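Okay, here's what each chain looks like letter by letter:
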There are 2 protein chains.
Amino acid sequence: MSTNDLRVVKTKQALHNALLTLLSEKPLENITIAEICRVAKVNRGTFYLHYEQKEGLFEEYFQEIMEDLNNSYEEPYRAVTTLDKNQIDPNTIRIFHHIERFKLFYRIVFSKNVPLTYYYMLFDGIFALLKRDITIHNKVHDEISIEYYSAYQANAIIGLIIQWYRQDFEDSVSTLNKQLASILRIGE
Amino acid sequence: MSTNDLRVVKTKQALHNALLTLLSEKPLENITIAEICRVAKVNRGTFYLHYEQKEGLFEEYFQEIMEDLNNSYEEPYRAVTTLDKNQIDPNTIRIFHHIERFKLFYRIVFSKNVPLTYYYMLFDGIFALLKRDITIHNKVHDEISIEYYSAYQANAIIGLIIQWYRQDFEDSVSTLNKQLASILRIGE
DNA sequence: TATTTTAATGAACACATGTTCAATATCTAA
DNA sequence: TTAGATATTGAACATGTGTTCATTAAAATA
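Residues numbered from 1 in each chain as written. Chains lettered and ligands numbered in written order. Predicted model: local features only at pLDDT ≥ 70, side-chain atom pairs only at ≥ 80, totals over all residues. Heavy atoms only, no water.

1. Regarding the protein's contact with DNA strand C
Filter applied, for reference: We call a residue near a molecule or strand as soon as one heavy atom of that residue lies within 4 Å of the molecule or strand. Polar contacts, as counted here, are pairs of nitrogen or oxygen atoms within 3.5 Å of one another; within protein the pair requires one atom able to donate a hydrogen and one able to accept it, and residues that are adjacent in sequence qualify only if both atoms are side-chain atoms. The way it works is that DSSP assigns letters per residue, a run of H or I at least four long becomes a helix, a run of E at least two long becomes a strand, and they are numbered from the N terminus.
Around DNA strand C lies a shell of 22 residues, among which Thr11(A), Thr46(A), His50(A), Arg7(B) and Arg44(B) are the nearest. Considering the 4 Å shell around the protein, atoms of DNA strand C inside it are sugar or phosphate in 67% of instances. A distance of 2.6 Å is found between a base oxygen of DNA strand C and a side-chain nitrogen or oxygen belonging to Arg7(B). Only helix H1 (6-23) and helix H3 (44-50) of chain A together with helix H1 (6-23), helix H2 (33-40) and helix H3 (44-50) of chain B provide two or more residues apiece to the surface near DNA strand C.

2. Structural notes on unusual backbone geometry
Residues and elements named next belong to chain A. Using the following cut-off: In this scheme, a residue with accessible area under 20% of its type's maximum is buried, one over 50% is exposed, and one in between is partly exposed, where area comes from a 1.4 Å probe on protein chains only.
Of note in the backbone geometry, Asp-168 takes a positive phi value of approximately 55° without being a glycine. With respect to the secondary-structure elements, Asp-168 resides in the loop between helix H8 (146-166) and helix H9 (173-185). Of note, the phi angle at Phe-169 is positive, near 55°, even though the residue is not glycine. As for its placement among the helices and strands, Phe-169 is situated in the loop between H8 and H9. What makes Phe-169 buried here is its relative accessible area of 3%.

3. As for the interface of chain B and chain A
Note on interface size: it is often stated as the accessible area lost on association of the parts. What counts is decided by this rule: Residues count as neighbours in contact if any of their non-hydrogen atoms are within 4.5 Å of one another. A quick way to say it: buried area is the sum, across both parts, of accessible area lost when two parts are put together, with a 1.4 Å probe. By definition here, a salt bridge exists when the distance from a side-chain nitrogen of Lys or Arg to a carboxyl oxygen of Asp or Glu is within 4 Å.
Across the contact, 49 residues belong to chain B and 49 residues belong to chain A. Roughly 4,000 Å² of surface becomes buried between chain B and chain A when both sides are summed, with 60% attributable to carbon and sulfur atoms. Counting every contact that joins chain B to chain A gives two salt bridges. With a closest N to O distance of 2.7 Å, Asp124(B) and Arg166(A) form a salt bridge. Between chain B and chain A we count 24 residue pairs in polar contact (both at pLDDT 80 or more) in total. Within the residue set of the side of chain B that touches chain A, elements represented by two or more residues are helix H7 (117-137), helix H8 (146-166) and helix H9 (173-185) of chain B.

4. Re the layout of surface pockets
This is how the line gets drawn: Method remark: on a 1 Å grid restricted to protein atoms, a set of points is classed as a cavity if a 1.4 Å probe fits but cannot get out and as a pocket if it is open with protein on both sides within 12 Å along at least five of seven lines; lining residues have an atom within 4 Å of a point. Grid points are joined across faces, edges and corners, and a volume is the space filled by probe spheres set on the points. Asp, Glu, Lys and Arg are counted as charged, while Ala, Val, Leu, Ile, Met, Phe, Trp, Tyr, Cys and Pro are counted as nonpolar; the rest, among them Gly, fall into the polar class.
Space inside the largest pocket adds up to approximately 500 Å³. If you go around the largest pocket, you meet 19 residues; those closest to its centre are Glu55(A), Asn113(A), Glu55(B), Asn113(B) and Pro115(B). Its residues assigned to classes, the lining of the largest pocket shows eight nonpolar, five polar and six charged.

5. Considering the relation of the copies chain B and chain A
This is how the line gets drawn: In superposing the copies, a least-squares fit is computed on C-alpha atoms, taking residues whose pLDDT is at least 70 in both.
If you rotate chain B by 180° and push it 0.0 Å along the axis, it lands on chain A with an RMSD of 0.1 Å. Those values place the two copies in the arrangement expected of a two-fold rotation axis. When the interface residues of chain B are mapped onto chain A, 100% of them again lie at the interface, so the same face is used by both copies.

6. Topic: the UniProt feature "DNA-binding region" (unreviewed entry) in chain A
Our working definition: UniProt positions are given in the numbering used here, feature names are shortened, and annotations may be inferred rather than shown by experiment.
As annotated by UniProt and renumbered to match this structure, "DNA-binding region" (unreviewed entry) occupies residues 32-51 of chain A. As a span, residues 32-51 of chain A carries 75% helix and 0% strand, and end to end its C-alpha atoms are 13 Å apart.

7. What about the pattern of salt bridges?
All names here are of chain A. Per the counting criterion, the structure on display carries 14 salt bridges over all chains. Residue Lys-12 pairs with Glu-60 through a salt bridge whose shortest N-O separation is 3.2 Å. Taken as a pair, Lys-12 in helix H1 and Glu-60 in helix H4 (residues 54-71) lie far apart in primary sequence, 48 residues in all. The exposure class of Glu-60 is partly exposed, given its relative accessible area of 23%. Note that Arg-107 and Asp-168 form a salt bridge whose closest N and O atoms lie 2.4 Å from each other. Of this pair, Arg-107 sits in helix H6 (residues 103-109) while Asp-168 sits in the loop between H8 and H9; the two residues are 61 residues apart in sequence, bridging distant segments of the chain. A relative accessible area of 42% means that Asp-168 is categorised as partly exposed.

8. Remarks on the packing of aromatic side chains
All names here are of chain B. Basically, it comes down to this: Two rings from Phe, Tyr or Trp (for Trp, the six-membered ring) form a pair when their centres sit within 6.5 Å of each other. Planes less than 30 degrees apart are called stacked, planes more than 60 degrees apart edge-to-face, and all others tilted.
Counted by the stated rule, this structure contains 30 aromatic pairs over all chains. When the ring of Tyr-106 is compared with that of Phe-110, the centres are 6.3 Å apart and the planes differ by 35°; the resulting orientation is tilted. Ring centres of Phe-110 and Tyr-165 lie 5.5 Å apart, and the angle between their planes is 35°; on these two criteria the pair is classed as tilted. A residue pair is termed long-range when its members are at least 10 positions apart, and Phe-110 in the loop between helix H6 (103-109) and H7 and Tyr-165 in helix H8 qualify at 55 residues. Of the residues examined, Phe-110 reaches a relative accessible area of 0% and is grouped as buried.

Structure follows, in structure tokens:
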């Protein structure tokens, strides 16, 4: 099933468009595979040739969004996890911008009937960024596992995002940045 | 649909037992409602009278487990979020004990094809505990929202648990406690 | 362009979902 | 204990799921 084959490209594009169309009408959980295929005018068997669940289709979008997250972290940036808290500049924290930019997607990602997969994709994305940073600055005390520490910090940030999501992203990005900066400053 | 009615009690009990039986054989995602009903010898229509999805049935177990979490936090305890980090005693951190006690359940809760609902139940449980504690000690700086701060701390702990889960809970409870204590000591 | 390769199709299958409704069995309260 | 209330049942229905297989159509390549 070569990804370059025009037939494959065409089929996937049709399925992507169909999913997007349906997502503007109703939540992912209420969309069926049969429905997507009807809209895309693609045989249902063909769907299963490429994906196992509708979630797999959704994941392809997510990949692109995760790339945006990574790009938004390209240099120049200064990390939020630097142990020297004085270095923190709220404006350098780009994660919240990213979330806001794709809040239509993140409303789906954080909705309660959706599988944990997407959560883990976000977690892994942030985890990798923080871990890279922690490793670069490598100031963590010996007795702390970098893995645990990264998981701790990454998920803490997602905790803020959950709280933000639950108020339907009403607070501004800069409010979130300030909250994070203030929290990290505690204990100085 | 009175909860006291013996018929209701009996039906729910049968469904609970059936779910438990099936869970010992295969993951929740591979268990169907029809299957649960067959094992429980309960009409499928009756299932829908009480629950919408098999997840609703699972949630009832979760409630009990959340009670254990709350109980494990009864006094005497000293909180992990006290801003004066010197007060932290790893032995007072009971969350990891709780997770380990119910690791059979938490393996399900953290599996990637399960809905986010369970994650939120755990999050809300820890969130409430930490918020109560933060409010009692109420040492958070003015500019920090207690909601955001609690969400941050609660999810950070779950971050450790995710990392723990991903290594199939191989580390000991005391390792987790020490990691948390060390992380909290950073920045002192 | 002609030939080969292979993705997509349509039909069919067994089974699951979610819902309805009249008939029945079981419980509660008098 | 009986009468009334109601939870449960079984049957049926339209639709979705996941899979199979021979056929067809569209792409790659030579």
